[in-house]
Amino acid sequence: MKRIVAIFLSFFALQIIAAQPLTHRLDTLTKSFIADTAVTKTYTIGKVFVTGNKRTRPHIILRELTFKTGDTVTASVLAEKIHRSKELVYNTGLFVEDSIKIISKEGNVLNFEVVVKERWYVFPLPYVRPVDRNLNQWLIQEGASLDRVNYGVKLTHNNLTGQNDKLNIWLISGYNQQLSVRYNLPFIDKSLTKGFEVGYTTSRQHELNYMTSDSNKQLFLKLPNDYARSFTRFDFTYSYRPDQKKRHLLRIAYTNEMIADSVFVSNPNYYPDNRTEMKYVDFLYAFRYLNTDYFVYPTKGFMGEVSVYKRGLESISNLWQVALHGVWAKHLNEKTFGTIEAATTVKFPFNDDYYTQPLFGYGYFQLRGQEYYVVDGMFGALGKFTLTHSLFNYTYHNPIKSKTHDLIPFRFYVKAFFDMGYAYNPNVTSNLLNNKFMYTYGVGMDILSIYDLTLKITFAINQLGNKGLYLHARNDF
């Protein structure tokens, strides 16, 4: 395996030696205009037209541009402003394609056109998804059991009033029974900086992960004739976005959940203070900085988040959690880029209830190659290092006539990586992975397409010597 990684790294090194500057892809007219213009010459931004937007309101698109009518700009920075504006418009998640171009010049005044192809926004889709933390756990450890699958209907409108507002209604049965309603409106003021989100979820389930074993595996208790856990939650989020890069979120929520007596017997320390029911208000403040080319799969730039979470207004449910998460990507040449992802979180006071413990194996706290393990703790840190090379792009010509989905692009990447992490749990004295340095390494392939479809196929080895092929997928349907 080490030889395979070395071969990949050597291959990437040869690509770096042959590096050429990364160029921005502009339409021919705009590119030739910039190339033929003195870099210090100043122009004024004139009219900006928006076309192709059948549902999306123009101000939602214009909000993302790095220039506006009346701005003055030199030719030396115009290409970068156009390119960055294209990235920001695409990152709204509203379009399958977009372009920004100069359409006319009147003296020193430049007029622009923003052309977009809108996505499908309405998805009344059947919902089928395993409940396990990842596909590998469901396929291998749980034998692809249909008993561990949620199914139902997912009603989604990703642009309800043309303001990039989202309405989600989930009616789920199967492993979990769930009703969820959520609405998000990113802008509610004339300055397009303030927004809100409101949500309600109620669910119940027959099976519950009630404990983690000494070998860092989830232990489940199934109650065919009873509900192991019931859960209800209301939440409201206020958002503030002063510019394209910065976002502030302030959330308040109320949660009421309970476990069955059988769960309590199996683990009396599931909830704090040996309780079988938890009712609490919690608060979250998060600051996000987004300055990458593509939020879902960044190849250059930086994005990060700092958050402070407070659970409960009384001592029993009391918990503070401070977390940092960042991703930095840099092009090494036109087709190769490196990525560093780092995260850390600390929870206090150091409680010993299981409800507070989950850490590695959930969300972005995951080492590639440890998909079958969970590592609980009150403090954790991870680092991921990836070298990625673009293999090729392929465009599928849709035989079904469509103005917006006539061309479906696919991008293929290969990668080599090394991950490391550490989880501290003061309540564990003998465990396979807790309070120890963890690491994994391997190679893989990523496939990207429209609607933020991302398929990741990875071969990894962890510090325990376990080898495996792992699959991860996501999309924004």
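Keep in mind the model is a prediction, meaning the values are calculated, not measured. (Residues numbered from 1 in each chain as written. Predicted model: local features only at pLDDT ≥ 70, side-chain atom pairs only at ≥ 80, totals over all residues. Heavy atoms only, no water.)

Participant: Just checking my understanding: could you explain the sheet that holds strand β4 (residues 109-118) for this structure?
Facilitator: Strands in a sheet are paired, the pairing made by backbone hydrogen bonds, and the direction either parallel or antiparallel. In spatial order, the strands read β2-β1-β4-β3; together these four strands make up an open sheet with mixed pairing. With one partner strand each, in any of the chains shown, β2 (72-74) and β3 (95-106) form the two edges of the open sheet. Between one strand axis and the next, the sheet turns through 40 degrees on average, direction left out of account. Pairing of strand β1 (residues 42-51) with β4 involves six bridges; the strand directions are parallel. (Pairing = 2+ DSSP bridges. Helix = DSSP H or I, 4+ residues; strand = E, 2+ residues; numbered from the N terminus. Axes fitted to C-alpha atoms, helices over the stretch in contact; angles between N-to-C directions.)

Participant: How do you make sense of the pattern of salt bridges when you look at a structure like this?
Facilitator: When the charged atoms of two side chains with opposite charge come close together, those side chains can pair. Scanning all chains against the criterion turns up 17 salt bridges. Measuring nitrogen to oxygen at the nearest pair gives 3.4 Å for the salt bridge that ties D452 to R119. Of this pair, D452 sits in the loop between β20 (438-448) and β21 (454-462) while R119 sits in the loop between β4 and β5 (122-130), placing them 333 residues apart in sequence. Judged on exposure class, the residue D452 and its partner R119 are both buried. Here D419 and R368 are joined by a salt bridge, their closest N and O atoms 2.7 Å apart. Placement of the pair is D419 in strand β19 (residues 407-424) and R368 in the loop between β17 (336-348) and β18 (379-397), with a sequence separation of 51 residues. Each member of the pair, D419 together with R368, is buried. Here the salt bridges do not stand alone but share partners, grouping R84, E87 and K300 into one network. (Salt bridge = Lys/Arg side-chain N within 4 Å of Asp/Glu carboxyl O. Buried < 20%, exposed > 50% of the residue type's maximum accessible area, 1.4 Å probe, protein only.)

Participant: It is not clear to me how the environment of G421 should be interpreted in this structure. Could you clarify?
Facilitator: On the secondary structure map, G421 appears in strand β19. Each C-alpha atom, one on G421 and one on V181, is 36 Å from the other, the two residues being 240 residues apart in sequence. Once you skip the residues sitting within four places of it in the chain, G421 turns out to touch F360, L367, A381, L382, K436, F437 and M438. (Contact = heavy atoms within 4.5 Å.)

Participant: Help me understand the side chain of D165 in this model?
Facilitator: Position of D165 relative to the elements: it lies in the loop between β6 (149-157) and β7 (166-174). It turns out D165 is buried and unbridged, and the closest side chain with the opposite charge, R55, is 6.7 Å from it. Once residues lying within four places of it in the same chain are set aside, the contact partners of D165 are H157, N158, N159, L160, Y183, N184, L185 and P186. (Lys, Arg positive; Asp, Glu negative; His and termini not counted.)

Participant: What's the story with the nonpolar core in this structure? I'm lost.
Facilitator: For soluble globular proteins, nonpolar side chains are generally found buried alongside one another. Formed by 23 residues in total, the largest nonpolar core has its most connected members in F67, F112 and V114. Where this core is concerned, the elements lending two or more residues are β1, α3 (58-62), α4 (75-90), β3 and β4. Look past the residues within four positions of F112 in its chain and what remains in contact with it is I45, K47, V48, F49, F67, L78, I82, I100, K101, I102 and I103. Counting residues in each nonpolar core, the second largest holds 17 residues, with I259, Y270, Y271 and L284 among its members. (Core = buried A, V, L, I, M, F, W, Y, C linked by side-chain atoms within 4.5 Å.)

Participant: Would you mind going over a nonpolar patch on the surface with me for this structure?
Facilitator: A contiguous nonpolar surface patch, about 800 Å² in accessible area, is contributed by V198, F236, Y238, Y240, L250, I252, F283, Y285 and L313. Only β12 (229-240), β13 (246-259) and β14 (277-292) provide two or more residues apiece to the nonpolar patch. Of all the elements, β12 adds the most residues to the nonpolar patch, at three residues. Positionally, I252 belongs in strand β13. (Patch = residues over 30% accessible without salt bridge, like charges linked within 9 Å, V, L, I, M, F, W, Y side chains within 5 Å. Areas by Shrake-Rupley, 256 points an atom, 1.4 Å probe, with all protein chains shown as cover.)

Participant: Help me understand the confidence of the model for the chain, please; the structure alone is not making it clear to me.
Facilitator: Caution applies to low-pLDDT regions: their predicted coordinates should not be interpreted in detail. With 91% of its residues at a pLDDT of 70 or more, the chain has an overall mean of 88. Note on residues 1-24: pLDDT under 50 across the span, and 40 contacts to partners over four residues away in sequence or across chains. (pLDDT = per-residue confidence, 0-100.)

Participant: So what exactly am I meant to see when it comes to the packing of aromatic side chains here?
Facilitator: The description of two aromatic rings rests on the distance between their centres and on the angle between their planes. Enumeration according to the criterion identifies 23 aromatic pairs in this entry. Where Y200 meets F234, the ring centres are 4.9 Å apart and the plane angle is 40 degrees; that geometry is what we call tilted. Placement of Y200 in strand β9 (residues 194-205) and of F234 in strand β12 is noted, with a sequence separation of 34 residues between them. When its relative accessible area of 45% is taken as the criterion, F234 is described as partly exposed. Following the ring pairs from residue to residue traces out a cluster consisting of Y270, Y271, Y354 and Y355. (Phe/Tyr/Trp six-rings, centres within 6.5 Å; stacked < 30°, edge-to-face > 60°.)

Participant: It is not clear to me how the pairing of β14 should be interpreted in this structure. Could you clarify?
Facilitator: In regular strands, side chains alternate between the two faces of the sheet. Note: β13 against β14, 13 bridges, orientation antiparallel. Considered in β14, the bridge of L250 is made with Y285. Both β14 and strand β15 (residues 301-311) contribute to a ladder of eleven bridges, which runs antiparallel. What sits directly across from T292, in β15, is G301.

Participant: So what exactly am I meant to see when it comes to the pairing of β6 here?
Facilitator: Pairing of β5 with β6, which is carried by nine bridges, proceeds in the antiparallel orientation. Paired with V122 across the strands is H157, a residue of β6. Pairing geometry for β6 and β7, over eight bridges, is antiparallel. The residue of β7 that forms the bridge with G152 is I172.

Participant: What is the right way to look at unusual backbone geometry in this model?
Facilitator: Between F348 and the following residue, P349, the backbone shows a cis peptide bond with an omega angle of 0 degrees. Note that P349 resides in the loop between β17 and β18. The backbone phi angle of N216 is positive, close to 60 degrees, even though this residue is not glycine. Looking at the element boundaries, N216 is found in the loop between β10 (207-212) and β11 (218-222). One non-glycine residue with positive phi stands out, namely D273, at about 60 degrees. Looking at the element boundaries, D273 is found in the loop between α6 (261-266) and β14.

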